[in-house]
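# Structural overview for review
Spelled out from the first residue to the last, the chains are:
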Amino acid sequence: MGRLLVAATPLGNIGDASQRLVDALATADLVAAEDTRKLRSLAAGLGVAPAGKVVSFYDAVETVRLPGLVKAVASGQTVLLVTDAGMPSVSDPGYRLVAACVAEDLPVTCLPGPSAVVTALALSGVPVDRFCFDGFPPRKPGERRKWLSALATETRACVFFESPHRVAATLADAVEVLGADRRGAVCRQLTKSDEQVRRGTLAELAAWAADGVGGEVTVVFAGAEPIAVDVTDVADLVPAVQSRVAAGQRLKDVVAEVAAAAGVSKKALYDSVVAAKR
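Counting restarts for each chain: residues are numbered from 1 in the order of the written sequence. A pLDDT threshold of at least 70 governs which residues receive local features in this predicted model, and a stricter bar of 80 or more applies before side-chain atom pairs are shown or counted, although totals over entire chains, interfaces and linings include all residues. Hydrogen atoms and water are omitted, and side-chain values are computed over all heavy atoms in the structure.

### Considerations on the environment of Q196
Here Q196 shows up in strand β9 (residues 196-201). Between buried and exposed lies partly exposed: a residue is buried under 20% and exposed over 50% of the maximum accessible area for its type, with that area taken using a 1.4 Å probe on protein chains only. You can call Q196 partly exposed: its relative accessible area is 28%. Along the backbone, Q196 and V217 are 21 residues apart, and their C-alpha atoms lie at a distance of 9.7 Å. The contact criterion used throughout is that any non-hydrogen atoms of two residues lie within 4.5 Å. Once residues lying within four places of it in the same chain are set aside, the contact partners of Q196 are V186, C187, R188 and W208. Per the convention used, a helix needs a DSSP run of H or I reaching at least four residues, while a strand needs a run of E reaching at least two, with both numbered from the N terminus.

Next comes the structure, spelled out in structure tokens:
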């Protein structure tokens with residue numbers, strides 16, 4: 001029986017490629033690459049020639065390619081899955097192929113390596129012992145603000161990718177929704193020669209980004225400070241719940257999150273919100 005190899009590729013510095021990736025490129029029967037030209041360039045830089053057939057595997061063709069790739073693994077071939085940079089499936093093509101192989105009880109393993117997510121977290125300078133990854137924020141301003149409002153009481157650090165064309169707008173919205181003093185970091189061109197990590201408050205980051213930000217961008221927001229209140233002060237949390245519900249979130253979801261962050265009873269908070277409507 002064959003197997004699927006999910007392999008991380010360098011973010012920018014080719015020296016971060018693992019020996020296991022080099023070996024896999026030299027021996028895999030089939031290589032599924034997000035961009036075949038970039039894959040061949042990477043292989044050339046590593047001094048290895050892909051031994052097997054190289055096929056494209058990007059968003060537009062992912063579904064069409066799945067049956068053939070799964071069949072290849074089932075027939076005994078080794079299929080190597082790579083994306084342009086970092087780990088497949090993390091906001092890149094890959095998870096559908098992994099899921100399809102798992103559904104057929106076919107072997108799947110990972111060749112670990114570079115990831116913009118953990119690299120940015122390590123460089124951010126904010127507490128990241130607990131964190132969540134949110135992919136790309138919504139493009140539309142209203143939906144983006146709704147997404148940010150969900151982070152208002154999130155005590156875990158949040159890491160996400162953003163288009164360089166929208167970084168300034170996202171940070172400006174974050175200042176209004178999360179507060180000017182929340183800390184964060186904007187990491188651009190990670191591991192490349194022009195790598196830059198900008199750290200500071202959201203207000204400072206927004207002011208810096210207003211002049212424009214280029215390159216591949218990963219952003220980290222520090223988690224919210226836990227709300228310390230007594231159950232007797234539960235009414236003080238009502239405005240925070242009301243503002244998030246007004247932004248479009250479900251009342252029960254907001255109550256559950258705010259109550260958990262504050263260490264209060266969900267029922268007590270829900271009752272206070274309902275009473276405030278009367």
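### Quick look at the sheet that holds strand β6 (residues 131-133)
Taken together, 5 strands build an open sheet; the order of strands is β6-β7-β10-β8-β9 and the sheet is mixed. Every other strand in the sheet has two partners, leaving β6 and β9 as the edge strands with one partner each. The sheet shows a mean angle of 20° between the axes of neighbouring strands, taken without regard to direction. When β6 meets strand β7 (residues 157-162), the two strands line up parallel, connected through 3 bridges. Counted as the bridge partner of F133 is V159 from β7. Whether two strands pair comes down to DSSP finding at least two bridges between them. To define axes, lines are fitted to C-alpha atoms, for helices over the stretch in contact only, and angles between the resulting N-to-C directions are given on a 0 to 180 degree scale.

### Digging into the nonpolar core
Counting 20 residues, the largest nonpolar core has L148, L151, L171, L178, V186 and F221 as its most contacted members. Put simply, the parts of the chain that give this core at least two residues each are α6 (141-149), β7, α7 (167-178), α8 (202-209) and β10 (217-221). Looking at this core, the element that brings in the most residues is α8, giving 5 residues. Beyond its immediate stretch of four places on either side in the chain, V186 contacts L171, Q196, V197, R198, L205, W208, V217, T218 and V219. Grouping buried Ala, Val, Leu, Ile, Met, Phe, Trp, Tyr and Cys residues that are joined through side-chain atoms within 4.5 Å yields what is termed a nonpolar core.

### Details of the sheet that holds strand β1 (residues 3-7)
A sheet is described by the order of its strands in space; here 5 strands give the open sequence β3-β2-β4-β1-β5, paired in parallel fashion. Unpaired on one side and paired on the other, β3 (53-56) and β5 (108-111) mark the two borders of the sheet. Averaged over all pairs of adjacent strands, the angle between their axes in this sheet comes to 25°, without regard to strand direction. With 4 bridges connecting them, β1 and β5 associate as parallel partners. By the bridge assignment for β5, L5 is matched with T109. Across the sheet, helix α1 (residues 19-27) touches β1, β4 (78-82) and β5, and the angle it forms with β5 is around 125°. Its contacts with the sheet put helix α4 (residues 95-103) on β1, β4 and β5, and the angle it makes with β1 is roughly 155°.

### Side note on the layout of surface pockets
Within this model, the largest pocket holds a volume of roughly 800 Å³. Mapped onto the lining of the largest pocket, the elements with two or more residues apiece are α2 (36-46), α5 (116-124), β7 and β10. For this classification, the nonpolar set comprises Ala, Val, Leu, Ile, Met, Phe, Trp, Tyr, Cys and Pro, the charged set comprises Asp, Glu, Lys and Arg, and every other residue, Gly included, is treated as polar. Taken together, the residues that form the lining of the largest pocket break down as 18 nonpolar, 11 polar and 8 charged. Taken as a whole, the second largest pocket holds about 280 Å³ of empty space. The way it works is a 1 Å grid over only the protein atoms, where trapped points that fit a 1.4 Å probe form a cavity and open points with protein on both sides within 12 Å along at least five of seven lines form a pocket, and then any residue with an atom within 4 Å of a point lines it. Taken together, 15 residues make up the lining of the second largest pocket; nearest its centre are R182, A222, G223, A224 and E225. Of the residues belonging to the lining of the second largest pocket, the class tally is 6 nonpolar, 2 polar and 7 charged. Grid points are joined across faces, edges and corners, and a volume is the space filled by probe spheres set on the points.

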